[in-house]
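# Tertiary structure, described
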6 protein chains.
Amino acid sequence: MAVFDVNPIVQSLNQIRQDWREAQRRSREPGGREFPSRDAVAGVIESLKGALFPMRLGPTDLRHESEDFYVGHTLDTALHALLAQVRLELKYDSRLRPRPDAEIEAQAEQAVHAFAAALPGIRMLLDSDVLAAYQGDPAARSVDEVLLCYPGVLAMIHHRLAHQLYRLGLPLLARIAAELAHAQTGIDIHPGAQIGAGFFIDHGTGVVIGETAVIGERVRLYQAVTLGAKRFPVDAQGNLQKGLPRHPVVEDDVVIYAGATILGRVTLGRGAQIGGNVWLTHDVPPGGHVTQADSRHDALPGG
Amino acid sequence: MAVFDVNPIVQSLNQIRQDWREAQRRSREPGGREFPSRDAVAGVIESLKGALFPMRLGPTDLRHESEDFYVGHTLDTALHALLAQVRLELKYDSRLRPRPDAEIEAQAEQAVHAFAAALPGIRMLLDSDVLAAYQGDPAARSVDEVLLCYPGVLAMIHHRLAHQLYRLGLPLLARIAAELAHAQTGIDIHPGAQIGAGFFIDHGTGVVIGETAVIGERVRLYQAVTLGAKRFPVDAQGNLQKGLPRHPVVEDDVVIYAGATILGRVTLGRGAQIGGNVWLTHDVPPGGHVTQADSRHDALPGG
Amino acid sequence: MAVFDVNPIVQSLNQIRQDWREAQRRSREPGGREFPSRDAVAGVIESLKGALFPMRLGPTDLRHESEDFYVGHTLDTALHALLAQVRLELKYDSRLRPRPDAEIEAQAEQAVHAFAAALPGIRMLLDSDVLAAYQGDPAARSVDEVLLCYPGVLAMIHHRLAHQLYRLGLPLLARIAAELAHAQTGIDIHPGAQIGAGFFIDHGTGVVIGETAVIGERVRLYQAVTLGAKRFPVDAQGNLQKGLPRHPVVEDDVVIYAGATILGRVTLGRGAQIGGNVWLTHDVPPGGHVTQADSRHDALPGG
Amino acid sequence: MAVFDVNPIVQSLNQIRQDWREAQRRSREPGGREFPSRDAVAGVIESLKGALFPMRLGPTDLRHESEDFYVGHTLDTALHALLAQVRLELKYDSRLRPRPDAEIEAQAEQAVHAFAAALPGIRMLLDSDVLAAYQGDPAARSVDEVLLCYPGVLAMIHHRLAHQLYRLGLPLLARIAAELAHAQTGIDIHPGAQIGAGFFIDHGTGVVIGETAVIGERVRLYQAVTLGAKRFPVDAQGNLQKGLPRHPVVEDDVVIYAGATILGRVTLGRGAQIGGNVWLTHDVPPGGHVTQADSRHDALPGG
Amino acid sequence: MAVFDVNPIVQSLNQIRQDWREAQRRSREPGGREFPSRDAVAGVIESLKGALFPMRLGPTDLRHESEDFYVGHTLDTALHALLAQVRLELKYDSRLRPRPDAEIEAQAEQAVHAFAAALPGIRMLLDSDVLAAYQGDPAARSVDEVLLCYPGVLAMIHHRLAHQLYRLGLPLLARIAAELAHAQTGIDIHPGAQIGAGFFIDHGTGVVIGETAVIGERVRLYQAVTLGAKRFPVDAQGNLQKGLPRHPVVEDDVVIYAGATILGRVTLGRGAQIGGNVWLTHDVPPGGHVTQADSRHDALPGG
Amino acid sequence: MAVFDVNPIVQSLNQIRQDWREAQRRSREPGGREFPSRDAVAGVIESLKGALFPMRLGPTDLRHESEDFYVGHTLDTALHALLAQVRLELKYDSRLRPRPDAEIEAQAEQAVHAFAAALPGIRMLLDSDVLAAYQGDPAARSVDEVLLCYPGVLAMIHHRLAHQLYRLGLPLLARIAAELAHAQTGIDIHPGAQIGAGFFIDHGTGVVIGETAVIGERVRLYQAVTLGAKRFPVDAQGNLQKGLPRHPVVEDDVVIYAGATILGRVTLGRGAQIGGNVWLTHDVPPGGHVTQADSRHDALPGG
């Protein structure tokens, strides 16, 4: 029977971890992990999906007449589970800027309260997304099929919850929620992106939507569309400037076909249509149609 | 300890659900969910994968000499589990067009019978797909590696089962089966697509194949290829016309390289080769080679 | 209650399996499966992730002061589980080239020893990848967020382990490890690809990196980048020649933007920048910038 | 590798099953199992335990302020799960006495309605049992400890639910519920036994209480007490007569010490005390004390 | 956050293990566990229960028409899983009496072959036990209820399988199988006990049946009956003599009521009845009735 | 489809809970459960069993050469999990006697430290129990069989851990640990009982050992032995007096055969032997033999 002496490897790995922690200026205090858990966030999102759409995404043995019992119980436990994760993010965040535990606790509770209060509005937005998908895809047979089968709708459930977390100052939890959808759907929406009602992504694999993108109502996207940044803004010293608007503004009723790439803080005017595979780094007026043919005659900047 | 009063949120969500159901003209009758279950369909597909390829996708402790026992038992339970889901789809479908339960039951049983009878043919087609992958990829070391590792093969197992469900008038179950593969592989094949023997998709992420696509034998595709619709056909009143052929016809022995986009009811003639990233909305004659260079000189329509 | 007679289907499937085995020249000896198990490899990789990054990817109740206990125990069981899979691959491999069991066993143990010894180096490389992601993405808030959330980092953990397996003559296990990441991230890196320190893939969906690609240090890639083969090299008789260098060489500090396709054994010189959607089949000198505009003026070969 | 030819064993077992079914006059019609499921009943009982004692036997993350949500949701799903099992028992029961499905369905629903209506009363009885245990055992530190730790209390939760099922004409479900407690506690109470409020069994292993036993209020039992039948009543033809009273009547405030065996339709009068290991087949007057000494005509102390 | 330095405890425990191993003359060679696994044996027994009684103890979705498929597949995998455990016991057994691996392997396969061949006979015996329980208990409503609910029947399923293992020279596996039933039912039957057809234990908790007990046909026992050894036979040097007959012989049609204790190699003649709580250390003639009264020389009624 | 209106039942149950809480003088403050969890304690005990006997009760894939890694990791996580339960018990305990959180925390940590320090001693005691069982049972084939199969040994593992918890002022956790063994083995040992080295219980079902029992070294017990209280001591006012010695003292080398009942604070002198079914309420001198005959004043053989 083979024998592996793992001791030297354990020692090497220990040394590498110490080096890393020193390089990262981490103290090596005793204690456990203090970072939100992907599994815990996944559990919260699953519960919220059930609470938002009890008869369709809740337990299969749920019945109309006891929906509210289920919704109430599920919300209560999900919100408390979320609270625990919120505490972890805020505490992690306070490593560099220490502040009293009570202040963290108060902020955590406030954030979860606000998040809870936003849920009805999120459900209404998601209803509009489901309708948009149903109306926009000739293959869709019912709103229920759309809710249960379409990856674009799944991505939007995650996004609308993640965006709320992002707005409440919880970018890490928001990011985890978004990546959970990314892994399942291939759709990568940064939780910071602002997206209006009635949004629909068809097929979806390869879609990327950046942090400062602003999307109006009734916008439709196909697979592999990128709403990205042209370049990262830097200050006079050449440092990256965070938070500056650097992704497109997409106005109401715009349609963007598969594979199109829109880069930078450009505006696609109301009702514009962007053809497949188009590479676009300038504004499009309301009602404008851009095809690959058109885009060829641009002097196209580097990525 | 933080306390969240979930009652008002429960009430709001209840109101929103009522509004939705009224808007969707749903009665709010008591009762449970009557919609096929993603988990149940996933279970059926997993069982069928084991029944079709017992020594490779069945349980790890299976042995050659008892394969038939396993196959028979697994088929029997999988088909009955499928029957339950078929009933749910047909019943759901009869919401708008009510008909007697006995008729639904008869149709459900007939559909499962036909599905079962199609399984040997499906296995033979999948064997041809496995061989095509093995022969088409210089990196493939064995047919077993191909069956176990290649996402394109996984997608085709799902597709060939889903397509059978689609042909039997079960588009919802078919869709669920297809989306299960989409989530795992990033390959999005509509269950309506007709695909001949010896089909191979390499890498696969981002491939989209539309509902009315017709693909011949020994066709090979690479990642991010789209076989899509140019535009949705509308009737005189501007309503979407469903079911009209609107996706490409791809004849035998065609190869389509990564990122190519073929839109509309065009025909790629036998043995044609379509280069990477090509954007194509017209026919290609048998044996024709199209590269990005060629496609640049087209006046390219919008998406 | 519906009754399905599965006997004829069982018989048909049995016959088809026999035909397949004959066509593949497989004996139908009694016995069990002798092929590595995807689930077992997944378990090994999960354990190794925990052993490499105990406080971040290990169990949530782990504590600093007992890290080494966890690492040692986890390594020991993971390496023995890996050994079992290595034996399966080597045995499978010996079907065609039979050799003594003792030789297989010796090779298996040697391979696992070498794999274990490589782990500290892999951890150091992965630390450099995490830092590269943190420094390269203005949205990243901490190295911990990067390690836990970024699909590109997950793909690299799998790749650096898979590449080690590949180098040790275990291409099947390597492939399974790579496909596990592909399924989760949409990033498809062949385990044979050689990748230097500080590598970062942002977003990632649709990235494909081929078997003989060679990538230097501090290289950055965006989603949907392909480092592929232009054509498969054939010998005088027209047979595919395996193992010949056919994918790009990417030197240090190169950046390749989203959707770019680089095909064939070309070299992108140190510090080159390749714009989004560029289609490239020739060398780029050090420091060169290629944009879509430039690439339009090439006569572009077929895929 | 060893090979076992299971075919002859499969054939033998098949033949034995056929013989059995013929001997039992069972038709061998195709179809599935139609017998209540132990696992399903176990699930219902677990849910009901949570609904009856939400903060102590419900989920660990439950909170006071959302108890009712949990209770309502849990009751609803448990009652519907129970309904399915009730249907199975009634259908099984109708093998010999066929009757219309609608009648069975109506009876099933009626039974579950009545069962549900009895739950508040059952909770009150169980509260009295918990208090009795707390007051009766000097080692008990709190009512919560009693509810969570005492096997006698667990047995009574099962019994009070099982007895309700028994009274509603569901002896099979009742039996399954009782055996689940028997397996966990070693306490074997027939669901037919009538037991008043404030009942307490200490230690409990080996206790057997028969079907027609009638137990008053505030009775206390110790381990290995049997309330059994002396002999089975037979009619003139020597056939067993079912349902006749054949087990003891135990009046209020009786205490029966460990190992005592009381057989037959005798009455232990109010406040009687039966010593350990006593073997008793005759009545005891109110307030009477029986010790082993008495039962043996010599002097031994009471329990 | 509390910190526990587990190092000194780990060291102490290590030292104690070393002391133990030295005291037990165990070498501390590297390597894994080589002892049968309780969980593995439990899995084998569960599978065999399903294979013996497919429609009642097999999977709930099993259907008559595919019983044989299920039985064949389940037998095959259970027998191979058993083979692995048999190897472990024989290997463990050979610590003290080393012998060639090939011999162990041959013996293991032979044992499993013989075990498999005995299964049909075991099923027939168990059918007789089920009938005996049904006929012996006035409360029993059907043979199905008996098979599914009666702990005495569960204990006999385990015993008849365990006894076969015992006879095949696998006392450890036999013991594990017996203890699994003991834990669930409180019935402790040594796997060596020989028990004829039509055996029934009612209630069962506390029953103990010793290794050399010999029980005829149609014997009935109640709870807490002991068939034990009076004293352990010793040889001239005072050493325990193993394997000598030291437990009762119980002839056909004997009934033994609750709590009776029969000790030593006595014979209870055909049709004898032993009353409750009787303490008996001498033979009883055929047809004899012994009551507590007899055994104490005073008048007490029979059980 | 049946509809049950659970609202009135929910309301009734709510009212009953309120009544109960008022009767028990519980405030109904918002918040979660604050009581130790049976599942959590079970997890801790399982882990400790593995840490104490790594190669026999630890994970099946453990290997000698990495035992210490496993032991260290398992101890660390088990002790921290225990700490969380200790906090819950101490907090629950402080309901009536409020004290500062910091004091509770300090006591909790101190208790877990002391518990950890006691583990090596517990392992040594358990080794003596295993040896005693091996030497005392002629059927035992190896010390390993004893450790893995004997319910009496399992009960002692639980007891020796539970007794330590009891001594550290954690009677609730101790009780839960004891009841877990009771449910599996039918052996009910109060965690307060003091038991010397080399203790062995054979068969075990029905054994009851009371809180203040004191048992010497090398004592052996058989099934259904009770070491109980004769009566509960009361003070002048008739209130139960807790904690007074009320159970037997059993000196070294005593053997007590099956079914014997020893009640009250009597002393069984060194080397005494108590026969089966004996009922005993007085002292026995060292070396004394008591048989049922003695206790009944007539001649019956010893156990």
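Residues numbered from 1 in each chain as written. Chains lettered and ligands numbered in written order. Predicted model: local features only at pLDDT ≥ 70, side-chain atom pairs only at ≥ 80, totals over all residues. Heavy atoms only, no water.

If you look chain A up in an unreviewed UniProt entry, it shows as serine O-acetyltransferase from Rhodoferax koreensis. Within the UniProt record for chain A, the comment given under Catalytic activity (unreviewed entry) is "L-serine + acetyl-CoA = O-acetyl-L-serine + CoA". According to the UniProt record, the Sequence similarities (unreviewed entry) comment for chain A reads "Belongs to the transferase hexapeptide repeat family." (UniProt positions renumbered as here; feature names shortened; annotations may be inferred.)

Counting secondary structure elements, chain A contains nine helices and 14 strands. Seen through its principal axes, chain A has C-alpha atoms that stretch 65 × 60 × 55 Å. In chain A, which comprises 303 residues, the proportion classed as buried is 62%. Total accessible area on chain A stands at roughly 10,800 Å², and carbon and sulfur atoms take up 51% of it. (Helix = DSSP H or I, 4+ residues; strand = E, 2+ residues; numbered from the N terminus. Buried < 20%, exposed > 50% of the residue type's maximum accessible area, 1.4 Å probe, protein only. Areas by Shrake-Rupley, 256 points an atom, 1.4 Å probe, with all protein chains shown as cover.)

Right, let's talk about the interface of chain C and chain A for a bit. With 64 residues of chain C in contact, the opposing surface of chain A contributes 53 residues. Summed over both partners, the interface of chain C with chain A buries about 5,000 Å², with 59% contributed by carbon and sulfur atoms. Here chain C and chain A share three salt bridges between them. Across the pair R17 of chain A and E67 of chain C runs a salt bridge whose closest N-O atoms are separated by 3.3 Å. Those elements giving two or more residues to the side of chain C that touches chain A turn out to be α2 (38-52), α3 (54-57), α4 (67-93), α5 (101-136), α6 (143-149), α8 (171-185) and α9 (292-296) of chain C. Ranked by the residues each element gives to the side of chain C that touches chain A, the list is headed by α5 of chain C, at 14 residues. (Contact = heavy atoms within 4.5 Å. Buried area = accessible area lost by both parts, 1.4 Å probe. Salt bridge = Lys/Arg side-chain N within 4 Å of Asp/Glu carboxyl O.)

Okay, the relation of the copies chain D and chain E next. In summary, the two copies of the chain are related to each other by a rotation about an axis coupled with a shift along it. Laying chain D over chain E is done by rotating through 120 degrees and shifting 0.0 Å along the axis; what remains is an RMSD of 0.1 Å. Expressed as an axis order, the relation between the two copies is that of a three-fold axis. A share of only 7% of the interface residues of chain D reappears at the interface of chain E, consistent with the copies meeting through non-equivalent patches. (Least-squares fit on C-alpha atoms with pLDDT ≥ 70 in both.)

Residues and elements named next belong to chain F. Spatial strand order, β2-β5-β8-β11: four strands in an open sheet with parallel pairing. Two strands close off the open sheet at either side, each with one partner strand: β2 (194-195) and β11 (267-268). With two bridges connecting them, strand β5 (residues 214-215) and strand β8 (residues 249-250) associate as parallel partners. For V214, the partnering residue across the bridge sits in β8 and is V249. (Pairing = 2+ DSSP bridges.)

Turning our eyes to something else, we now look at the sheet that holds strand β9 (residues 255-256) of chain F. Residues and elements named next belong to chain F. As summarised here, the arrangement of the five strands in space is β3-β6-β9-β12-β14, forming an open sheet in which the pairing is parallel. At either margin of the open sheet sits one strand with a lone partner, and together these are β3 (200-201) and β14 (289-290). As paired strands, β3 and strand β6 (residues 220-221) are joined by two bridges and run parallel to one another. Along β6, the bridge assignment pairs F200 with R220.

Overall, the coordinates contain 18 aromatic pairs over all chains when judged by the stated rule. Aromatic side chains F35 of chain A and Y92 of chain A sit 4.6 Å apart centroid to centroid with 85 degrees between the ring planes, which places their arrangement in the edge-to-face category. Taken together, the residues span a long stretch of sequence, with F35 of chain A in the loop between α1 (7-23) and α2 (38-52) and Y92 of chain A in helix α4 (residues 67-93) at a distance of 57 residues. According to the relative accessible area criterion, F35 of chain A is buried, its value standing at 6%. In this structure Y92 of chain A comes out as buried when scored by relative accessible area, which is 8%. It is R95 of chain B that lies over the ring of Y92 of chain B; its NZ or CZ is 3.8 Å from the centre. (Phe/Tyr/Trp six-rings, centres within 6.5 Å; stacked < 30°, edge-to-face > 60°. Lys NZ or Arg CZ within 6 Å of the ring centre and 35° of its normal.)

All right, on to the interface of chain D and chain E then. Taken residue by residue, the interface counts 54 residues in chain D and 65 residues in chain E. Carbon and sulfur atoms supply 59% of the area buried between chain D and chain E, which totals about 5,100 Å² over both sides. In terms of surface lost to chain E, no three residues of chain D exceed F4, R33 and W279 of chain D, which account for 17% of the buried area on that side. Our count for the contact surface shared by chain D and chain E stands at three salt bridges. Between the two partners, chain D and chain E, sit nine residue pairs in polar contact (both at pLDDT 80 or more). Of all the elements in the fold, those that place two or more residues in the side of chain D that touches chain E are α1 (7-23), α8 (171-185), β10 (261-263) and α9 (292-296) of chain D. By residue number, the principal contributor to the side of chain D that touches chain E is α1 of chain D, which donates nine residues. Residues belonging to the side of chain D that touches chain E are distributed by class as follows: 22 nonpolar, 16 polar and 16 charged. (Polar contact = N/O pair within 3.5 Å; in protein donor to acceptor, adjacent residues only side chain to side chain. Nonpolar A, V, L, I, M, F, W, Y, C, P; charged D, E, K, R; others polar.)

Residues and elements named next belong to chain C. Tracing the chain through its elements places H247 in the loop between β7 (226-228) and β8 (249-250). Of note is the side chain of H247, whose polar atom sits 3.4 Å from the backbone nitrogen of E211. Setting aside chain neighbours within four positions, we find H247 in contact with G210, E211, T212, A213, L227, G228, A229, G264 and R265.

In this section: the pattern of salt bridges. By the definition in use, this model includes 109 salt bridges over all chains. A salt bridge links R270 of chain C to D252 of chain C, with the nearest nitrogen and oxygen atoms 3.2 Å apart. Of this pair, R270 of chain C sits in the loop between β11 (267-268) and β12 (273-274) while D252 of chain C sits in the loop between β8 and β9 (255-256), placing them 18 residues apart in sequence. The class for R270 of chain C is partly exposed, based on a relative accessible area of 45%. In this structure, D144 of chain E engages R56 of chain E in a salt bridge whose closest nitrogen and oxygen atoms are separated by 3.1 Å. Here D144 of chain E is found in helix α6 (residues 143-149), whereas its partner R56 of chain E is found in helix α3 (residues 54-57), with 88 residues between them in sequence. R56 of chain E carries the same exposure label as D144 of chain E, and that label is buried. One network of salt bridges, in which partners are shared, links E217, R218, D252, D253 and R270 of chain A.

With that settled, the discussion passes to the domain arrangement of chain A. How big an interface is tends to be stated in terms of accessible area lost as the parts join. Annotation of chain A at the domain level lists domain 1 (36-185) and domain 2 (206-303). When each unit is reduced to the centre of its C-alpha atoms, the spacing between domain 1 of chain A and domain 2 of chain A is 28 Å. (Domains from an automatic or database assignment.)

Further remarks concern α1 of chain D. With 17 residues, α1 of chain D extends 24 Å between its outermost C-alpha atoms, agreeing within 8% with the 24 Å of an ideal straight helix rising 1.5 Å per residue. Within the sequence span of α1 of chain D, burial applies to I9, V10, L13, N14, I16, R17, W20 and R21 of chain D. Viewed end-on, α1 of chain D has its buried residues packed into an arc of 165 degrees, placing them on one side of the element. Structural note: α1 of chain D exposes E22 and A23 of chain D on the side pointing more than 90 degrees away from its buried face. On its buried side, α1 of chain D packs onto α4 (67-93) of chain B together with α2 (38-52), α3, α4 (67-93), α5 (101-136) and α6 of chain E. Downstream of α1 of chain D by a residue or two, R25 of chain D has a phi angle that is positive, lying close to 55 degrees. (Expected span 1.5 Å × (residues − 1). Arc of directions from axis to C-beta.)

For the rest of this paragraph, the subject is helix α7 (residues 151-167) of chain A. Under the 1.5 Å per step criterion, the end-to-end length of α7 of chain A is 24 Å for 17 residues, consistent within 8% with the ideal 24 Å. In terms of residue burial, α7 of chain A counts as a mostly covered element, since 15 of its 17 residues are buried.

For the rest of this paragraph, the subject is the packing of α1 of chain A against α4 of chain C. Packing of α1 of chain A against α4 of chain C brings their axes to within 10 Å, and their N-to-C directions diverge by 135 degrees. Comparing their axes, α4 of chain C and α1 of chain A come out oblique. The two elements α1 of chain A and α4 of chain C cross, and the hand of that crossing is right-handed. Side by side, α1 of chain A and α4 of chain C meet where I9, V10, L13, N14, R17 and R21 of chain A of the first sit next to E67, D68, V71, G72 and L75 of chain C of the second. The residue inventory of the contact of α1 of chain A with α4 of chain C, partitioned by class, reads five nonpolar, two polar and four charged. (Axes fitted to C-alpha atoms, helices over the stretch in contact; angles between N-to-C directions. Parallel < 35°, antiparallel > 145°, perpendicular 65-115°, else oblique. Left-handed = near helix turned anticlockwise from the far one by under 90°.)

Time to look at the environment of Q273 of chain F. Residues and elements named next belong to chain F. Tracing the chain through its elements places Q273 in strand β12 (residues 273-274). In the structure, Q273 is positioned 58 residues away from I215 in sequence and 14 Å away in space, judged by C-alpha atoms. Look past the residues within four positions of Q273 in its chain and what remains in contact with it is V255, Y257, G288, H289 and V290.

This part covers unusual backbone geometry. Positive phi, close to 65 degrees, is recorded for D253 of chain A, a residue that is not glycine. Here D253 of chain A is to be found in the loop between β8 (249-250) and β9 (255-256). One non-glycine residue, H203 of chain F, lies in the positive phi region at around 65 degrees. The residue H203 of chain F is located in the loop between β3 and β4 (208-209) in this model. A relative accessible area of 24% places H203 of chain F in the partly exposed class.

It is worth spelling out the environment of V284 of chain A at this point. Residues and elements named next belong to chain A. In this fold, V284 is placed in the loop between β13 (279-280) and β14 (289-290). Along the chain, V284 and A272 lie twelve residues apart, while their C-alpha atoms are 7.0 Å from each other. If we ignore the near neighbours within four places in the chain, the residues touching V284 are T267, L268, G269, A272, I274 and V290.

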